[in-house]
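# Coordinate analysis (summary)
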Amino acid sequence: MALYCPKCGAQLPDNASFCMKCGTNLSAAEKSTAPAAPAAPILAPTGSTALKCPNCGGPISPQFGEMVITCPYCGSGITLADAGWKGIEKQTMLPIRFASQDQVVAKLHELMDKGLLHRHLQEESKLEEMNLSLVPYWIVSVAATTNVVAADVAVEAGQIATTAALIGLMGGAMGGGRQGGFGFAGPMIAGGMMGGMMGGTMGGGGAKKSYEFADSYNFPVVALKALFEQQPRDYQFDLEERTFFDVSKVPKGVKILNGDVGEEGARNEAKAYVAQLESQKAHQQHHMIQQLHTDVNASDVELLHAPIWFARYDHQGRKISLVIDANSGGVINSIGLQA
């Protein structure tokens, strides 16, 4: 039967005399064969520099500004709430499928050397930095409903065709009657009518139609302000592969990053980004939008530890930074890489 530290809950060898995690003297303490039960949340004010993990009681020393912390002893997620520190209810992780630097370099070769503009870009660039970390992302459940008032393309196309045909007949008739003094009047009047008709259509005087569409997102918000520049815009993690977070499954040498963005801040960020995505979608689908309104609601959140490769190249003095999902191999963001 497995042996656990009675103080921090870490699993230990059967013959252990001291806890390798927190240093507890097991000979002077009652040994346990089950993980430590979660304790009551430890409350602490903003700016605290020392606290105990709400789950295992292990000592935690947050850095200045950190709001999201992973306990190094039991792996519990802790966040700062209004009343103090509390445990995160849902904390998950994605498996690492691109574990070696060679795998990532091969993947980036496809991206950086693609097309005529990128010919031999990676080969002619110097790799300055590449490292793998577990990065905290708030996954925010967002529901969006967008209402659009736009030009009815089908109706307007019919109106334009009919009006153009009528103007053609009138222009021909008036342009042909030079004896009557209308030699140049026909084209001028026809042009004026067509211009007026097109101006009315473009100016919003044409046929209108209302549209409504609803979307749902599991939107990722990076929980580190220092990484806001690499914030995903329309990237989605493969959440079907996620499992509950287990610190013992993190490969040696992979750093687990803490965060300084809380749940409420993540909800606000997710709502703003989703509103932008909805606007882009509306403009891609509809012609000459005259009114657009989106209602965005953010509900559940979870803390996802995503394995992320950070790569930086130097190409003739130009810095190229790339953020790669080590689970799927997808490129989350790129800076300095021209299309």
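In this text the structure is predicted, and so the values were computed from the model without any measurement. (Residues numbered from 1 in each chain as written. Predicted model: local features only at pLDDT ≥ 70, side-chain atom pairs only at ≥ 80, totals over all residues. Heavy atoms only, no water.)

A few words now on the pairing of strand 15 (residues 331–335). In terms of strand pairing, strand 14 (residues 318–325) meets strand 15 through four bridges, oriented antiparallel. In the strand pairing of strand 15, Ile324 is matched with Val331. Taking the residues that link successive antiparallel strands as the turn, the strand 14-strand 15 hairpin has five residues, and the phi of Gly329 there is positive, at about 85 degrees. (Pairing = 2+ DSSP bridges. Helix = DSSP H or I, 4+ residues; strand = E, 2+ residues; numbered from the N terminus.)

Under the criterion given, the structure shown has zero disulfides. With no disulfide of its own, Cys53 has Cys74 as its nearest cysteine by sulfur position, at a separation of 3.7 Å. Residue Cys53 is classed as buried on the basis of its relative accessible area of 2%. (Disulfide = S-S within 2.5 Å. Buried < 20%, exposed > 50% of the residue type's maximum accessible area, 1.4 Å probe, protein only.)

Okay, unusual backbone geometry next. Even without being a glycine, Gln316 presents a positive backbone phi close to 55 degrees. Along the chain, Gln316 turns up in the loop between strand 13 (289–315) and strand 14.

A few words on the nonpolar core. Counting residues in hydrophobic clusters, the biggest one holds 20 residues, and the most contacted among them are Leu108, Trp309, Tyr313 and Leu322. Elements that contribute at least two residues to this core include exactly helix 1 (101–112), strand 9 (126–151), strand 13 and strand 14. Counting residues in hydrophobic clusters, the runner-up holds 18 residues, among them Ala144, Phe219, Ala270 and Val301. (Core = buried A, V, L, I, M, F, W, Y, C linked by side-chain atoms within 4.5 Å.)

Once that is clear, we can look at the packing of aromatic side chains. Taken as a whole, this structure holds three aromatic pairs when the rule is applied. Arranged with centres 5.0 Å apart and planes meeting at 65 degrees, the rings of Tyr137 and Phe237 form a pair that is edge-to-face. Taken together, the positions of Tyr137 in strand 9 and Phe237 in the loop between strand 10 (208–222) and strand 11 (243–244) put the pair 100 residues apart, joining distant regions of the chain. Like Tyr137, the residue Phe237 is buried in the burial classification. (Phe/Tyr/Trp six-rings, centres within 6.5 Å; stacked < 30°, edge-to-face > 60°.)

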